[in-house]
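Working through the structure, step by step
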Amino acid sequence: MGSFAGAFAASHGPLLVREWESVPAEQKQRLTRAFQELGKRVSAARADVLVAVSPDHWANFSLDNYPAVCIGVGETNEGPPEPWMKGYPHRQIPAHPGLAFHLLNQSLGEGFEPSMSHRLKLDHGTCIPLWRMELPKMPAIVPMLVNSIEPPMPSLARCLEWGKLLRKAIESFPGSLRVGILATGGLSHSIGEKTMGAIHEDFDRETIRLFGSSEQDLIRYLGRELPSRGNGSEEVRNWLVAHGAAGGRGFELVDYLPVPAVIVGCGFASWR
Ligand SMILES: [Fe+2]
């Protein structure tokens, strides 16, 4: 049967690539170390597959049709389409349609109704963490795109439920397979709105603290605070999916630092 290899989370943001040179040296060093440490933990988990939980930043979807959740079932994944991601070394990223279809079937059987795609591009949301973690071997990636950028979005409680479903699907997979989860996005940031550039360190630190508390406290806090903490903060939904999959236990913080040069409160964590 399949087994759960662990859950991991990292922030992403275009400026981590585009404005990397303007990040102060000390913060550059911390960010580099945090990504590398997360990469070490992912490698130590020996996952054959990572379910990558991220929003789609308009690489695949548009306002014509933006699914709440989409699972990538293709034979392969395409690399990031953003021109400024051209340095990313993989144009094709291995996939795992067997696990993806199993997850899709399990979802539909349990009253969850995701969209599916045989052809997905993995944008910077997934590829910046994959790149910066410097994994010696790229695991297969099953994309799970969760709308965490364009309202209305899946509820916070539903994201936790998605995580629990994901865990069940992993453990009921009929075959020997180690599966980890890589959640990306958050913590606080604001893109293309009046507060663009704002980082809410108090929100980020309280969110991190509450991941070690009860699901109810965490969801209550996020539900109250997210509307005023920058639109990018909504991506913490992906962390909730990982949290649900990991059994709601607290995570171990690898590092957190607000980085004004990239306008993101950058958090890195792995679940115990
Ligand atoms: Fe994002």
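Everything numeric here is computed off the predicted structure, so don't read it as measured data.

Quick notes on the rules
- Residues numbered from 1 in each chain as written.
- Predicted model: local features only at pLDDT ≥ 70, side-chain atom pairs only at ≥ 80, totals over all residues.
- Heavy atoms only, no water.
- Phe/Tyr/Trp six-rings, centres within 6.5 Å; stacked < 30°, edge-to-face > 60°.
- Helix = DSSP H or I, 4+ residues; strand = E, 2+ residues; numbered from the N terminus.
- Buried < 20%, exposed > 50% of the residue type's maximum accessible area, 1.4 Å probe, protein only.
- Lys NZ or Arg CZ within 6 Å of the ring centre and 35° of its normal.
- Pairing = 2+ DSSP bridges.
- Axes fitted to C-alpha atoms, helices over the stretch in contact; angles between N-to-C directions.
- Contact = heavy atoms within 4.5 Å.
- Donors = N, O, S within 2.8 Å, 3.2 Å for Na, K, Ca; no water.
- Lys, Arg positive; Asp, Glu negative; His and termini not counted.
- Salt bridge = Lys/Arg side-chain N within 4 Å of Asp/Glu carboxyl O.

Okay, the packing of aromatic side chains next. Summed over all chains, the structure comprises 12 aromatic pairs. Between phenylalanine 251 and tryptophan 271, the aromatic rings sit 5.2 Å apart at their centres with planes inclined by 90°, giving edge-to-face as the arrangement. Of this pair, phenylalanine 251 sits in strand E9 (residues 251–259) while tryptophan 271 sits in strand E10 (residues 264–271), and the two are 20 residues apart along the sequence. The same class applies to phenylalanine 251 and to tryptophan 271, which are both buried. Taken together, Phe211, Trp239, Phe251 and Trp271 form an aromatic cluster joined through their ring pairs. Arginine 132 extends its terminal NZ or CZ atom over the ring of tryptophan 20, reaching a point 5.9 Å from the ring centre. The ring of phenylalanine 112 has arginine 158 lying over it, and the distance from NZ or CZ to the ring centre is 3.6 Å.

This paragraph deals with the sheet that holds strand E2 (residues 49–54). In space, the eight strands of this open sheet follow the order E6-E3-E7-E2-E8-E1-E10-E9, with mixed pairing throughout. What marks the edges here is a single partner per strand, and that holds for strand E6 (115–117) and E9. Strand-to-strand, the axes of this sheet are offset by a mean angle of 20°, without reference to chain direction. Taken together, the three bridges between strand E3 (residues 69–72) and E6 define a ladder with parallel strand orientation. Bridging across to E6, isoleucine 71 finds its partner in methionine 116. Where helix H6 (residues 201–210) meets the sheet, its contacts fall on E9 and E10, and the angle it forms with E9 comes to roughly 175°.

The next thing to look at is the coordination of the iron ion. Each protein donor to the iron ion is listed here as His12 (NE2), His57 (NE2) and Glu235 (OE); together their distances run 1.9 to 2.1 Å. Ordering the donors of the iron ion by residue number gives the pattern H-x44-H-x177-E. Remark: glutamate 235 occurs in the loop between helix H7 (215–225) and helix H8 (236–245) and histidine 57 occurs in the loop between E2 and E3; sequence separation between them is 178 residues. Exposure class is identical for histidine 57 and glutamate 235. Each is buried.

What follows covers the side chain of aspartate 204. With respect to the helices, strands and loops of the structure, aspartate 204 is situated in helix H6. Although aspartate 204 is buried, it makes no salt bridge; arginine 229 carries the closest opposite charge, 7.7 Å away. When sequence neighbours within four positions are dropped, the list of residues in contact with aspartate 204 reads Leu187, Ser188, Ile199, Tyr256 and Gly265.

Honestly, that's just the spatial picture; any functional story needs more than this.
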